[in-house]
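Close look at the chain arrangement
Each chain, written out:
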Amino acid sequence: MNDYRYDNRTIQGFILSAMAWGVVGILIGLLISVQLWAPAANFAPYLTYGRLRPAHTNGLALGLGGGAIFGLCLYIVMRLSGRPLLFPRLARAQLWLFNVTIAAAVLSLLAGYTQSNEYAELEWPLDLAVVVLWVMFAANVFGTIARRREPQMYVALWYVIGTVIAVAILWIVNNLSIPAGLTKSYHLFSGVNSANVEWWYGHNIVGFFFTTPILAMFYYFLPKSTGLPIFSHRLSILSFWSLVFGYLWTGAHHLVYSPLPDWLQTLGIVFTLFLIAPSWGSVVNGYYTVGADWSKMRSNYLTKFFVIGITFYGLQTVQGPTQALRVVSQLVHFTDWVPGHVHMGTMGWVTMVVTGSIYYVIPRIHGTTIYSERIADVHFWLVLVGQLLFSVTMWITGIQQGAMWKATNADGTLKYTFVETLAKNYPYWHTRTLAGLVFAVGMLFFVYNVLMTIRKGRALEGSPGSSPAAAPVA
Amino acid sequence: MSGWIYRKSFAFAVATTVVVLAGSIATMAYPMLRADMHPRLEALKPPTPLQLAGRDVYQREGCVGCHTQTVRPLPSEVARYGDYSKAGEFYYEHPFLWGSKRTGPDLAREGGKRPDGWHRRHLENPQSFFARSNMPSYAWLAGRPLDPAEVTDHLNALALVHPELRTELAAVRVALAGKDEMDAVVAYLQTLGAAVPRQSPRAADLSIPNPVANDPTAIARGKQLFADNCAVCHGDEAGGQEGVAPSLVDDVFLGQRPDLPDAAYFAMISGGSDAKPIEGRKGQPDGGMAAFGSQLPQKDIWSIIAWIRAEKAHEAAEGAKAPAADHR
């Protein structure tokens, strides 16, 4: 038993905030999925597709993703350093600023304040707020690790450190802009150069917001949940360094066949293919870890969240490089295939690992067990079915769209007008809304389960003879 | 990688930073120093205050979420939209608005393709042109005033990197007088692709006869094709729509009398407004007719003309009673 307390209240605050923003982001997602097939569901000016779509992506990336990263990474940092946070009050202040920032972010996007760069829509005052948040986060990550009691840094810590550094560089460079008032700015870079900077950022923010911190959770919570050690330390090392090296070269695969110089496009494509190796390093490591005892899939309800999560990571990191190839890109780029790809990563990989990790953390904070493993199972299957229905539907319609755009008659004239190609999407877009609903219901089961676990834990705290705050170092 | 670095957190952080910076410098920072990242087409003009205000509205409403602005160098894409996008077209674009999803069509070559009135009516009610379109209505942009002080601030900000924009500052108030956000967006849309000359149609031989003239099958087919492709602008019975497109069944063609031969119609449908000069007619300053040469096989175009001729004859027979009605 240790003589100190972990900063569990702050961790739980981040987790609950992430879940709240997750619900908001998913509801916005459902609305915009309806707007795609029912234009009357646009309510101008604030609730139109054009304004809601960035609110959906930012709300989920920064709100759900950011909250989960802050909470779970700080949790990992404390446990692996064997000490509480170096600046506990700073972390508490960060939690408050985080929620104020995300609320302002969503509202400002609905008001139409946007830089128009994908995943970097927020205007400059909010960009600065995010910088402050990140500095607060970095101070606790680096400070706590520097004062750790465990000499060796475990692989999860490498990924946390990589996340903090890379996101800082990406965020600052791409958000450089010329302010033209409090609510308006212009990207400092223009034209082709602007495109290149934005997709260097855009691809890597996915890499270092939705890959490296999630891998940190995977490498920490998979062994903790199953009691099985990571299969290969050497493979972890290889994967880590080649991933953080290779990622940053690949942004141009978003600009294939654009006016960007060809050499940059080709360089981006080549490194994208290279990335399969480090990505699958982690996939193989994960599979062989559980491979030591597959019965854990049956005996431990958490195992499947991590196994299916890393499976989608593996599929995602093969599909991505495939899309980067010119011959594939020309067919699927600009189509609904791409949202299908993105949602396999977010609804599959990220959601599975993050919710699995939260299921692990919340009971431990309260010295109890999960409220209901059965509800967790229902949540798992609904999320899985919803995500698969979503992605597969979008891949089919994406290929159809791409093929119809390209179809020509014998004399070289086009076979279909644009509206004909659009109208063919409607059945698939209806299906996507259904898929989103299934997913959303699954997530509500998750939220309910977590809240009930906390309630169960609080009831225990009230009873004599328990000391949940002094839970052993897990 | 030797083991000590996993025990030294500072050294580890430095190593990670170096590794992350390698690709960033090679693919993001270094290209900025190269001329091929900052090209500018000679014909490219800086935005006027009204056009910039329109682009601001385009940004604010997230139009980039559904409309791309890059034509890829693929045959089908060039056929659908026009010449593929050139790097030098985007010199003044802060940021680029190429987009990543084409829920609606690409707009890179939209400028000059259709008249202002078409855009206005389409923005007000997209479904009135394309029944199955999923674009929301932007009718509410009409009547929303433009703020000269705001546009001045925006021009000033851009002038920090493009000093030539300063010359427009004095004219902001005049340029925006009496204009609303709808006017601004339409003005902006009309600039898209303006720096790239559209391929002008080849000279047409006006003596070629219509190979399917008076052929009942062709006329029936032409009627269907007209309904699918032309009626959105020219009206169901080719009677025209005020401010959008002229009647095709009255005795005026291209604003003049007398009528022209079928081959002139063919050139117009195939090449769009750009074909007007080769027919000796002046083009409208704000564009007009879209080109269908890449969308419709030649025989289909001739069939449409055959149907128009039949309608014309029909209208002339009836027209003795009243002048051609303005179908609206």
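Residues numbered from 1 in each chain as written. Chains lettered and ligands numbered in written order. Predicted model: local features only at pLDDT ≥ 70, side-chain atom pairs only at ≥ 80, totals over all residues. Heavy atoms only, no water.

**Some details on the overall build of chain B**
Convention followed: The secondary structure listing takes helices from DSSP runs of H or I that are at least 4 residues long and strands from runs of E that are at least 2 residues long, numbered from the N terminus. With C-alpha atoms as the basis for the radius of gyration, the globule rule is written as 2.2 Å multiplied by the number of residues raised to the power 0.38. Throughout this description, buried means an accessible area under 20% of the type-specific maximum (1.4 Å probe, protein chains only), exposed means over 50%, and partly exposed covers the range between. For the area figures, the Shrake-Rupley method with a 1.4 Å probe applies, and any residue is considered shielded solely by the protein chains shown. Lys and Arg are tallied as positive, Asp and Glu as negative. Neither His nor the chain termini are counted. By convention, the charge on Lys lies at NZ, on Arg at CZ, on Asp at CG and on Glu at CD.
When helices and strands are tallied, chain B shows 11 helices and 0 strands. N-terminal to C-terminal, the α/β element order of chain B is α-α-α-α-α-α-α-α-α-α-α. Taken over C-alpha atoms, the radius of gyration comes to 25 Å for chain B, far larger than the 20 Å a tight globule of 328 residues would show. Its C-alpha atoms give chain B principal-axis dimensions of about 95 × 50 × 35 Å. For chain B, the residues scored as buried account for 53% of the 328 residues in total. Counting every atom, chain B has about 14,900 Å² of accessible surface; 58% of that belongs to carbon and sulfur. Placing the 35 positive and 38 negative side-chain charges of chain B at their respective mean positions leaves the two points 6 Å apart.

**Concerning the overall build of chain A**
Rule in force here: Contact criterion: two residues are considered in contact whenever any of their non-hydrogen atoms come within 4.5 Å of each other.
A count of helices and strands for chain A gives 17 helices and 2 strands. Computed over its C-alpha atoms, the radius of gyration of chain A comes to 22 Å, within 12% of the 23 Å expected for a compact globule of 474 residues. If one aligns the C-alpha atoms of chain A with their principal axes, the spans along those axes are about 85 × 50 × 50 Å. For chain A, buried positions account for 65% of its 474 residues. Expressed as a percentage of contacts within chain A between residues at least 6 apart in sequence, the contacts between residues at least 24 apart total 83%. With the model as given, the accessible surface of chain A reaches about 16,400 Å², and the carbon-plus-sulfur share is 69%. Averaged over its 27 positive side-chain charges, chain A has a centre that lies 10 Å from the centre of its 16 negative ones.

**Comments concerning the confidence of the model for chain A**
Test applied: The pLDDT value tells you how sure the predictor is about a given residue, anywhere from 0 up to 100.
Taken residue by residue, chain A gives an average pLDDT of 95. The fraction at 70 or more is 96%. Contacts for the low-pLDDT stretch residues 465-474 of chain A, under 50 throughout, to residues beyond four places or in other chains number 20 contacts.

**Describing helix H7 (residues 212-226) of chain A**
Residues and elements named next belong to chain A. Condition: To estimate the expected span of a helix, count its residues, drop one, and scale the result by 1.5 Å.
Between its first and last C-alpha atoms H7 spans 21 Å; for 15 residues at 1.5 Å apiece the expected length is 21 Å, and the two agree. Most of H7 is tucked away: 14 of the 15 residues are buried. Backbone geometry just downstream of H7 places Gly227 in the positive-phi region, at approximately 75°.

**Overview of empty space enclosed by the protein**
Basically, it comes down to this: Method remark: on a 1 Å grid restricted to protein atoms, a set of points is classed as a cavity if a 1.4 Å probe fits but cannot get out and as a pocket if it is open with protein on both sides within 12 Å along at least five of seven lines; lining residues have an atom within 4 Å of a point. Grid points are joined across faces, edges and corners, and a volume is the space filled by probe spheres set on the points. Side-chain classes follow a simple rule in which Ala, Val, Leu, Ile, Met, Phe, Trp, Tyr, Cys and Pro form the nonpolar group, Asp, Glu, Lys and Arg form the charged group, and the remainder, Gly included, forms the polar group.
Across all of its chains, the model carries 6 cavities of 30 Å³ or more by this definition. Its volume calculated, the second largest cavity comes out at about 270 Å³. Lining the second largest cavity are 25 residues, with Ser116, Glu118 and Glu121 of chain A together with Val64 and Gly65 of chain B sitting closest to its centre. Secondary-structure elements contributing two or more residues to the lining of the second largest cavity are helix H2 (49-81) and helix H6 (191-209) of chain A together with helix H2 (49-60) of chain B. Here the lining of the second largest cavity takes 5 residues from H2 of chain A, the largest share from any one element. For the lining of the second largest cavity, the class distribution of residues is 8 nonpolar, 10 polar and 7 charged.

**With respect to helix H15 (residues 373-406) of chain A**
Basically, it comes down to this: Nitrogen and oxygen atoms within 3.5 Å of one another constitute a polar contact, given that in protein one can donate a hydrogen and the other can accept it, and given that sequence-neighbouring residues count only through two side-chain atoms.
With 34 residues, H15 of chain A should reach 50 Å at 1.5 Å per residue; the first-to-last C-alpha distance of 49 Å fits that figure. Taking the backbone nitrogen of Arg374 of chain A as reference, a side-chain oxygen 3.2 Å away marks Ser372 of chain A as the first, capping residue of H15 of chain A.

**Things to note about a nonpolar patch on the surface**
Residues and elements named next belong to chain A. Threshold: Here the term patch refers to residues with relative accessible area over 30% and no salt bridge, with like charges joined within 9 Å and nonpolar side chains (Val, Leu, Ile, Met, Phe, Trp, Tyr) within 5 Å. Here a salt bridge means any side-chain nitrogen of Lys or Arg lying within 4 Å of a carboxyl oxygen belonging to Asp or Glu.
A grouping of Phe231, Trp280, Val284, Tyr287, Tyr288, Trp294, Met297 and Val318 is seen on the molecular surface, where their side chains present a nonpolar patch of about 720 Å² in accessible area. If you tally residues by element for the nonpolar patch, the top one is helix H10 (residues 276-291), at 4 residues. The exposure class assigned to Trp280 is partly exposed, which follows from its relative accessible area of 33%.

**Re the side chain of Gln316 of chain A**
Residue and element names in this part refer to chain A. Among the structural elements, Gln316 can be located in helix H12 (residues 303-324). Its relative accessible area of 13% is what places Gln316 among the buried residues. For Gln316, the residues in contact, after removing those within four places along its chain, are Pro321, His341, Val342, Met344 and Gly345.

**Points about the interface of chain B and chain A**
How big an interface is tends to be stated in terms of the accessible area lost upon association of its parts. We apply this condition: By buried area we mean how much accessible surface two parts lose on assembly, using a 1.4 Å probe and totalling the loss over both.
The interface of chain B with chain A comprises 86 residues on the first partner and 90 residues on the second. Across the interface of chain B and chain A, roughly 7,400 Å² is buried in total on both sides, 67% from carbon and sulfur atoms. The largest contributions to the chain B side of the interface with chain A come from Tyr6, Arg72 and Arg80 of chain B, which together make up 10% of the buried area. On the surface where chain B and chain A come into contact, there are 3 salt bridges.

**With respect to the environment of Gln298 of chain B**
Along the chain, Gln298 of chain B turns up in helix H11 (residues 298-319). Between the C-alpha atoms of Gln298 of chain B and Met32 of chain B, which are 266 residues apart in sequence, the distance is 47 Å. Not counting residues up to four positions away in its chain, the partners in contact with Gln298 of chain B are Asp411 of chain A together with Phe266 of chain B.

**Examining the side chain of Thr433 of chain A**
Residues and elements named next belong to chain A. Within the fold, Thr433 resides in helix H17 (residues 426-462). A distance of 2.8 Å separates a polar atom in the side chain of Thr433 from a polar atom in the side chain of Ser33. Once residues within four sequence positions are removed from consideration, Thr433 is found in contact with Leu30, Ser33, Val34 and Trp37.

**Side note on the packing of aromatic side chains**
Threshold: Within 6.5 Å between ring centres, the rings of Phe, Tyr and Trp (the latter by its six-membered ring) count as paired, and their orientation is classed by plane angle as stacked under 30 degrees, edge-to-face over 60, tilted in between. Geometrically, a charge over a ring is one whose NZ (Lys) or CZ (Arg) sits within 6 Å of the ring centre while staying within 35 degrees of the ring normal.
Applying the stated criterion across every chain, the model contains 53 aromatic pairs over all chains. Ring geometry for Tyr220 of chain A against Phe221 of chain A: centres 4.9 Å apart, planes inclined by 90°, an arrangement best described as edge-to-face. Residue Tyr220 of chain A shares its accessibility class with Phe221 of chain A, and that shared class is buried. Three or more aromatic residues link up through ring pairs in this structure, and these residues are Trp158, Tyr159, Phe218, Tyr219, Phe240, Trp241, Phe306, Tyr313 and Trp349 of chain A together with Tyr6 and Phe12 of chain B. Between Lys86 of chain B and the ring centre of Tyr84 of chain B, over which it is positioned, the NZ or CZ distance is 3.6 Å. If you follow Arg102 of chain B out to its NZ or CZ, it ends over the ring of Trp405 of chain A, 5.7 Å from the centre.

**Some points on unusual backbone geometry**
With an omega dihedral of -5°, the bond running from Ala44 of chain A to Pro45 of chain A counts as a cis peptide bond. Residues His94 of chain B and Pro95 of chain B are joined by a peptide bond in cis, for which omega reads -5°. Among the structural elements, Pro95 of chain B can be located in the loop between helix H3 (75-81) and helix H4 (116-124). If you check the backbone angles, Ser116 of chain A has positive phi at about 70° while not being a glycine. The residue Ser116 of chain A is located in the loop between helix H3 (88-110) and helix H4 (124-146) in this model.

**Looking at the confidence of the model for chain B**
Mean pLDDT for chain B: 89, with 91% of residues reaching 70 or above. Contacts of residues 324-328 of chain B to residues separated by more than four positions or lying in other chains number 11 contacts, the stretch itself having pLDDT below 50.

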